[in-house]
Amino acid sequence: SQTIHQWPATLVQPVGSPLSLECTVEGTSNPNLYWYRQAAGRGLQLLFYSVGIGQISSEVPQNLSASRPQDRQFILSSKKLLLSDSGFYLCAWTKGLAGGPGYNEQFFGPGTRLTVL
Amino acid sequence: EDKVVQSPLSLVVHEGDTVTLNCSYEVTNFRSLLWYKQEKKAPTFLFMLTSSGIEKKSGRLSSILDKKELFSILNITATQTGDSAIYLCAVEFGGAQKLVFGQGTRLTINP
């Protein structure tokens, strides 16, 4: 069975410090991977997605970047955090195979709650 | 701009009541509409809808899509306290299975 991991679970960082959040998926290959941010009491905003190693698409201009160094690893980074980067960050994956069962369903990781002070 | 709007944003009812959650959307290249339940952390999948007028049902939950009027509803009958959660509606659009989410409806079921 497939599982998705995120770490750390919670993080408190000062403004101006760097950030690295990691997401890994097990039990599948060549997944599509996604990073979302959820502000308090709000819906999810898509930040980045990746359809393959080294392929990153950004959805919104921001202070963050993403990388996919391995097939099942997705990293969210920042060189200097802003207060507005606080939120709940969720990683998700899909099977990436058009038309197959569960094609559309995105499976979410447990999330990282980031507080920037 | 692609957008998904959910209503109400918050709803408080008593156990045993029936609730209807609404989701309207405006997206280019619509592919599917999905409902998720989010309790404490990761959203969990409820339904995926692609065709108009076909009801999806799972226990006390059901959902239907109207592609002409661009909306979907999620019904929960005989609500229980365990149904308390944020319910998220999302629409898949374009390629790469990208989703745009609504703001969510926070449902609270009081005993």
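Cut-off values and rules
- Residues numbered from 1 in each chain as written.
- Chains lettered and ligands numbered in written order.
- Predicted model: local features only at pLDDT ≥ 70, side-chain atom pairs only at ≥ 80, totals over all residues.
- Heavy atoms only, no water.
- Pairing = 2+ DSSP bridges.
- Helix = DSSP H or I, 4+ residues; strand = E, 2+ residues; numbered from the N terminus.
- Axes fitted to C-alpha atoms, helices over the stretch in contact; angles between N-to-C directions.
- Phe/Tyr/Trp six-rings, centres within 6.5 Å; stacked < 30°, edge-to-face > 60°.
- Buried < 20%, exposed > 50% of the residue type's maximum accessible area, 1.4 Å probe, protein only.
- Lys NZ or Arg CZ within 6 Å of the ring centre and 35° of its normal.
- Salt bridge = Lys/Arg side-chain N within 4 Å of Asp/Glu carboxyl O.

Caption draft 1: A look at the sheet that holds strand β7 (residues 61-66) of chain B. Residues and elements named next belong to chain B. Spatially, the five strands line up as an open sheet ordered β1-β3-β8-β7-β6, and their pairing is antiparallel. Only two strands of the sheet have a single partner each, and these edge strands are β1 (3-7) and β6 (56-58). Recorded for the sheet is a direction-independent mean angle of 15° between the axes of neighbouring strands. Relative to β7, β6 runs antiparallel, the two sharing three bridges. Within β7, the position partnered with Ser58 by the bridge is Leu61.

Caption draft 2: Molecular detail of the packing of aromatic side chains. In the structure shown here, the tally under the stated rule is 11 aromatic pairs over all chains. An angle of 45° between the planes, with centres 5.6 Å apart, marks the rings of Tyr36 of chain A and Phe108 of chain A as tilted. With Tyr36 of chain A in strand β4 (residues 32-38) and Phe108 of chain A in strand β10 (residues 107-108), the pair connects residues that are 72 residues apart, well separated along the chain. Look at Tyr36 of chain A and you get buried, because its relative accessible area is 0%. Relative to Phe45 of chain B, the ring of Tyr36 of chain B lies with its centre 5.9 Å away and its plane at 75°, an arrangement referred to as edge-to-face. For Phe45 of chain B, a relative accessible area of 28% gives the class partly exposed. Clustering of aromatic rings is evident, with ring pairs tying together Tyr34, Tyr36, Tyr49 and Phe108 of chain A together with Tyr36, Phe45 and Phe101 of chain B. One Lys or Arg, Arg113 of chain A, reaches over the ring of Phe88 of chain A and ends 4.5 Å from the middle of that ring.

Caption draft 3: Region of the structure containing the pattern of salt bridges. All names here are of chain A. The tally for this structure, following the rule as stated, stands at five salt bridges over all chains. The closest approach of N and O atoms between Arg68 and Asp71, which form a salt bridge, is 3.3 Å. For Arg68, a relative accessible area of 3% puts it in the buried group.

Caption draft 4: Layout of unusual backbone geometry. Of the consecutive residues Trp7 of chain A and Pro8 of chain A, the connecting peptide bond is found in the cis state with omega at 0°. Here Pro8 of chain A is to be found in the loop between β1 (3-7) and β2 (10-13). In this structure, the amide linkage connecting Ser7 of chain B to the following residue, Pro8 of chain B, adopts the cis form with an omega of -10°. By the secondary structure assignment, Pro8 of chain B is in the loop between β1 and β2 (10-14). A positive phi is found at Ala78 of chain B, a non-glycine position, where the angle reads about 45°. Looking at the secondary structure, you find Ala78 of chain B in the loop between β8 (71-76) and β9 (85-93).

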